[in-house]
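# A structural walkthrough
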Amino acid sequence: MNALVKQHLIDPEICIRCHACEEACPKDAILHNDDNVVVDAAICDGEMSCIGPCPTGAIDNWLMVASPHSLEAQLEWMELPEAAAPAEITPVEKPITEAPASVAPVATKKKRAPKSPPPASASEPVVNMHSPGRPVEVTVQGNYKLTGDGAEAEIHHIVLSMEGVDYPVLEGQHVGISPPGKNEKGRSYPQRRYTISSPRDGERAGKGNISLTVRRIPDGLASNYICDLKRGDKVKLSGPYGDSFLMPNDPKARLIMICTGTGAAPFRAFTMRHQRVMPDVQGALHLFFGARSPDQLPYFGPLGKVPESFLAKHFAFSRVDGQPKQYVQDKLRQDAATIAPMFGDENTYIYICGLKAMEDDVVKVLGEISASVGQDWDTLRDEMTAQGRFHVETY
Ligand SMILES: Cc1cc2nc3c(=O)[nH]c(=O)nc-3n(C[C@H](O)[C@H](O)[C@H](O)COP(=O)(O)OP(=O)(O)OC[C@H]3O[C@@H](n4cnc5c(N)ncnc54)[C@H](O)[C@@H]3O)c2cc1C
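Rules used throughout
Residues numbered from 1 in each chain as written. Predicted model: local features only at pLDDT ≥ 70, side-chain atom pairs only at ≥ 80, totals over all residues. Heavy atoms only, no water. Pairing = 2+ DSSP bridges. Helix = DSSP H or I, 4+ residues; strand = E, 2+ residues; numbered from the N terminus. Axes fitted to C-alpha atoms, helices over the stretch in contact; angles between N-to-C directions. Parallel < 35°, antiparallel > 145°, perpendicular 65-115°, else oblique. Left-handed = near helix turned anticlockwise from the far one by under 90°. Contact = heavy atoms within 4.5 Å. Nonpolar A, V, L, I, M, F, W, Y, C, P; charged D, E, K, R; others polar. Near = heavy atom within 4 Å. Polar contact = N/O pair within 3.5 Å; in protein donor to acceptor, adjacent residues only side chain to side chain. Salt bridge = Lys/Arg side-chain N within 4 Å of Asp/Glu carboxyl O. Buried < 20%, exposed > 50% of the residue type's maximum accessible area, 1.4 Å probe, protein only. Expected span 1.5 Å × (residues − 1). Phe/Tyr/Trp six-rings, centres within 6.5 Å; stacked < 30°, edge-to-face > 60°. Lys NZ or Arg CZ within 6 Å of the ring centre and 35° of its normal.

Turning our eyes to something else, we now look at the sheet that holds strand β11 (residues 234-241). Taken in spatial order, the 6 strands make up an open sheet running β9-β8-β11-β6-β7-β10, and their pairing is antiparallel. Two strands lie at the open edges of the sheet, namely β9 (192-195) and β10 (209-216), each paired on one side alone. Neighbour-to-neighbour, the strand axes of this sheet turn through a mean angle of 45°, independent of strand direction. Bridge analysis of strand β8 (residues 174-177) against β11 gives 2 bridges, and the strand direction is antiparallel. Bridge pairing links Gly-176 to Ser-238 in β11.

This paragraph deals with the pairing of strand β6 (residues 136-145). Sheet topology places β6 next to β11; 4 bridges connect them, and they run antiparallel. Within β11, the position partnered with Val-138 by the bridge is Val-235. Relative to strand β7 (residues 154-161), β6 runs antiparallel, the two sharing 6 bridges. When the sheet's bridge partners are listed, Asn-143 is paired in β7 with Ile-158.

Packing of helix α8 (residues 356-372) against helix α9 (residues 377-386) leaves a shortest axis separation of 9 Å and a crossing angle of 110°. With respect to α9, the element α8 is oriented roughly perpendicular. Viewed along their axes, α8 and α9 form a crossing whose handedness is right-handed. Here Val-363, Leu-366, Gly-367 and Ser-370 of α8 lie close against α9, whose contacting residues are Trp-377, Leu-380 and Arg-381. Here the residues of the contact of α8 with α9 are counted per class, giving 4 nonpolar, 2 polar and 1 charged.

In the vicinity of the ligand lie 18 residues, with Arg-192, Arg-193, Tyr-194, Ala-222 and Ser-223 positioned nearest. Here an oxygen atom of the ligand and a backbone polar atom of Arg-193 are 2.7 Å apart. In this structure, an oxygen atom belonging to the ligand sits 3.0 Å away from a main-chain N or O atom of Leu-221. Elements with a contribution of two residues or more to the shell around the ligand: β9, β10 and α3 (221-227). Here the shell around the ligand takes 4 residues from β9, the largest share from any one element. Class assignment of the residues belonging to the shell around the ligand gives a composition of 7 nonpolar, 6 polar and 5 charged.

The full count for this structure, using the stated rule, is 17 salt bridges. The partner of Asp-35 in a salt bridge is Lys-185, with the nearest N and O atoms 2.8 Å apart. Of this pair, Asp-35 sits in the loop between β2 (30-32) and β3 (37-39) while Lys-185 sits in the loop between β8 and β9; the two residues are 150 residues apart in sequence, bridging distant segments of the chain. Judged by its relative accessible area of 7%, Asp-35 falls in the buried class. Among the ionic pairs, Glu-308 bridges to Lys-313, the shortest N-O distance being 3.4 Å.

It is worth spelling out the environment of Pro-298 at this point. Structurally, Pro-298 is set in the loop between β13 (285-291) and α5 (300-305). Given a relative accessible area of 0%, Pro-298 falls into the buried group. Expressed as a C-alpha distance, the spacing of Pro-298 and Tyr-395, which sit 97 residues apart in the sequence, is 17 Å. Among residues more than four places away in sequence, those in contact with Pro-298 are Leu-146, Ile-155, Gly-261, Phe-289 and Leu-303.

A separate point is the side chain of Gln-296. Topologically, Gln-296 is positioned in the loop between β13 and α5. A polar side-chain atom of Gln-296 sits 3.3 Å from the main-chain amide nitrogen of Glu-152. Ignoring sequence-local partners within four residues, the contact set of Gln-296 consists of Thr-147, Ala-151, Glu-152, Ala-153 and Ala-291.

With that out of the way, let us pick up the side chain of Glu-203. Among the structural elements, Glu-203 can be located in the loop between β9 and β10. With relative accessibility at 16%, the residue Glu-203 sits in the buried group. The contact partners of Glu-203, leaving out residues within four places of it in the chain, are His-157, Val-159, Ser-198, Asn-209, Ile-210, Ser-211, Arg-268, Met-272 and Arg-276.

A few words now on helix α4 (residues 264-277). Owing to its 3.6 residues per turn, the α-helix brings residues three or four apart onto one side. End to end, α4 covers 20 Å across 14 residues, agreeing with the expected 20 Å (1.5 Å per residue, within 8%). Counting buried residues along α4, 11 of its 14 residues qualify, which places the element largely inside the surrounding structure. All of the buried residues along α4 are Ala-264, Ala-265, Pro-266, Phe-267, Arg-268, Ala-269, Phe-270, Thr-271, Met-272, Arg-273 and His-274.

Overall, the coordinates contain 12 aromatic pairs when judged by the stated rule. Taken together, a centroid distance of 5.2 Å and an interplanar angle of 65° make the contact between Phe-245 and Tyr-351 edge-to-face. You can see Phe-245 sitting in the loop between β11 and β12 (254-260) and its partner Tyr-351 sitting in strand β15 (residues 348-354), a full 106 residues away along the chain. Like Phe-245, the residue Tyr-351 is buried in the burial classification. Ring pairing ties together the aromatic residues Phe-245, Phe-267, Phe-270 and Tyr-351, which thus form one cluster. The side chain of Arg-193 reaches across the aromatic face of Tyr-241, ending 3.4 Å from its centre. Positioned over the ring face of Tyr-299 is Arg-268, at 4.8 Å from the centre of the ring.

Below, the structure is given as structure tokens:
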């Protein structure tokens, strides 16, 4: 009998095509076309740098095969094939095939920071319970526009009834939603991720519902579908996803939460969870939140009602008449004195969420604040990352 080999594959049903694995692979063994991201078995040596940066776990699939699946086959897949019958495992040695011409070359590489483990005190998340091929169906309870008329970004608060559905969530996790319909090749559209903006026990405690915070992207397939949903509509959810960007269950923990736009979603959930289970803990939460103007800042009204002593709010607005432009990183710099003493405290957790474009600027200012209190940022960041205290989720 031929010995089986173990092949590294990416699950096309779970992959969100963020290409983080391609950036991380030191061997350039990961490629993509318009449909799938795939691993070249001829190059992959199981080095594993790609595993950590993957936000979904789609990368972490190892299949016993009689002979490795070719790149051409993988690029066409809509789901992973079955494994061969178990047998002896040997490493893949032989090249399988040349990369087909249709495979897009890997662009210039930017190394990502390694993914942080969850905070040590975080609750254990349930992940990948429902695959995109076998989603659960839930009902829309409400759809509310959060931003003012004429706002540059239109953001909606979507409430979904999870009644009768087994879908346990934690704050910081996200759901998968595929826009209905098929592309011109007859394939389902890849799913998009949306962060849950309500706490684990529900948008309304005990009512079995969750909320999402969704920005309508011009021509965006999934975001337009979601922002147009009406009360009573049915939506198919896969997931839950996310096993790292979670909150600590520790009254001593101090959270610095930095976001723009829909990046507020996990921090709304963190804050509501704190309000429900640690209402007496003061000074634990700092929120840095950037938007064009107050009417474009989701949850501006409700946030204003949370006492400063419970949630310190640091808003930055970049388009308010008569005021200088201020971005979230500027606000961090301006209010550095209030958070600098937290750097180096082992109870401090830093979370960044929102548009990718802000990440580098925010991290640069964190470095400046760290230096101002005599902490080497690279060392501190590595230490916090390894301890599950530094988390970035940008998209
Ligand atoms: C872990 C994770 C969590 C996420 N959480 C949220 C969330 O809570 N709320 C939310 O609204 N989104 C969130 N997103 C982004 C979301 O998954 C989709 O990428 C986004 O809604 C666009 O999907 P679409 O199908 O509407 O657009 P597509 O049809 O995929 O794209 C249409 C066009 O818009 C451009 N485009 C795509 N995304 C953006 C963007 N963000 N800004 C500007 N242009 C864009 C594309 O380049 C393309 O030209 C999250 C993403 C990840 C990876």
